[in-house]
Amino acid sequence: MRRRDFIKLIAGSIAAWPLAARAQQPAMPLVGLVNGRSAQDAARNTAAFRKGLNETGYVEGQNVTVEYQWLEGQYDRLPSLIAQLSRRVAVIATPGLTAGAQAAKAATTTIPIVFGVAEDPVKLGLVASLARPGGNATGINVFTSEVTAKRLGLLHDLVPKAVRVAVLVNPANAPIAETMLREVPQAARAIGLQIQVLNASTSREIEAAFATLVRDRADALFVAPDAFFVSRRVQFSTLAARHGIPAAYTTREDVEAGGLMSYGTDILDMWRQVGVYTGQILKGAKPAELPVLQSTKFEFVINTQTARALGLEVPNSLQLLADEVI
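If you're wondering where the values come from, they're calculated on a predicted model, not measured in any experiment. (Residues numbered from 1 in each chain as written. Predicted model: local features only at pLDDT ≥ 70, side-chain atom pairs only at ≥ 80, totals over all residues. Heavy atoms only, no water.)

Our next topic: the sheet that holds strand β11 (residues 293-294). Across the sheet, which stays open at both edges, the six strands sit in the order β2-β1-β3-β4-β5-β11 with parallel pairing between neighbours. Each edge of the open sheet is held by one strand with a lone partner, namely β2 (65-70) and β11. Sheet topology places strand β4 (residues 113-117) next to strand β5 (residues 137-141); five bridges connect them, and they run parallel. Within the sheet, the bridge partner assigned to I113 lies in β5 and is A137. Contacting β3 (91-95), β4 and β5, helix α4 (residues 98-107) runs over the sheet at an angle of about 150 degrees to β4. The sheet strands contacting helix α11 (residues 267-282) are β1 (30-35), β2, β3, β4, β5 and β11, and the helix crosses β3 at an angle near 170 degrees. (Pairing = 2+ DSSP bridges. Helix = DSSP H or I, 4+ residues; strand = E, 2+ residues; numbered from the N terminus. Contact = heavy atoms within 4.5 Å. Axes fitted to C-alpha atoms, helices over the stretch in contact; angles between N-to-C directions.)

Another aspect to go through is the environment of D120. Residue position: D120 is located in the loop between β4 and β5. According to the relative accessible area criterion, D120 is partly exposed, its value standing at 25%. The spacing of D120 and I140 is 20 residues in sequence and 9.9 Å in space, taken between C-alpha atoms. With near-sequence residues (within four places) excluded, D120 lies in contact with L130 and N141. Only 2.9 Å separates the side chain of D120 from the backbone nitrogen of V122, close enough to count as a polar contact. (Buried < 20%, exposed > 50% of the residue type's maximum accessible area, 1.4 Å probe, protein only. Polar contact = N/O pair within 3.5 Å; in protein donor to acceptor, adjacent residues only side chain to side chain.)

Moving on, we get to the pattern of salt bridges. Per the stated rule, a full pass over the model turns up 14 salt bridges. Between R233 and D41 there is a salt bridge; the shortest N-O distance is 2.5 Å. Here D41 lies in the loop between β1 and α2 (43-55) and R233 lies in helix α9 (residues 233-243), a separation of 192 residues in the sequence. The exposure class assigned to D41 is buried, which follows from its relative accessible area of 14%. For the salt bridge of E256 with R44, the shortest nitrogen-to-oxygen distance reads 3.0 Å. Taken together, the residues span a long stretch of sequence, with E256 in helix α10 (residues 252-256) and R44 in helix α2 at a distance of 212 residues. Each of the salt bridges in this network shares a partner with another, and the network as a whole consists of R37, D41, R44, R233, E253 and E256. (Salt bridge = Lys/Arg side-chain N within 4 Å of Asp/Glu carboxyl O.)

Glancing now at the packing of aromatic side chains. Under the counting rule described, the total for this entry stands at seven aromatic pairs. Aromatic pair W70 and W271: ring centres 6.5 Å apart, planes at 15 degrees, arrangement stacked. Taken as a pair, W70 in strand β2 and W271 in helix α11 lie far apart in primary sequence, 201 residues in all. Its relative accessible area of 13% is what places W70 among the buried residues. Within the aromatic cluster, the residues linked to one another by ring pairs are F210, F228, F229, F236 and Y249. (Phe/Tyr/Trp six-rings, centres within 6.5 Å; stacked < 30°, edge-to-face > 60°.)

Next up, the structure:
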């Protein structure tokens, strides 16, 4: 072989090495994340999920791909969306979406599911037990339902003269709506409150609900936990201020947007924990052997500026109890 031909052969082989190496690299695992909010609205949530992935050694775009599916309150899309994801993803993550976890569980018995749900996952049929889930699903229980009575009580402490409280639920988010309709009346009776249930699944229906509670002279508003409602938090605070309605929410974001108060679990920490479990499963952990975590972080946030605008005096005892006073 001539020296010139030998050099060409070696050069060609060297040039081919990167291509061959790339061809041998396995494809990055694909995670499907489904939530009821919008991408822009949930930026902090997705950052928390990525932080959880990072804690297990996964970096989005480097060694894992995440396909985000944002329902924007259109819960009727869930069955078809989950069916599509179950044909191509390695893990399905449903932080803060009980209906999504149920849809995923109904769609597949093999693809791992990591949920963040407000209700008891055993009663929901997602797991056999909290300690040993036993199937293809595990995740975090955020206790949203269990703190309903506490949140209603705090609202009553802030508005002690309230007698009639409107309760707004999203019927499209059936699991949460059903839980609220079961638990709020019981909690209200215990502290002598009368309730009026209102429904809303769109921004226009939210406006109609406010018109109804103003017409019926409700003293306060209790907003059910719902991803779509959180995405409409500016609309809620605007309408509540316009009509002088004290309102209680579940997330800090609602209060930052001008809501009176919130009490609930630390939602960002739940998203982080979902990310951690997702990463652990990608590394080989089995959902059946990962115990369901129970949230231990709760937040009580008060907006004193909103309270003053409503003519409410926040007792020092409540300010001391609050995790944050805005």
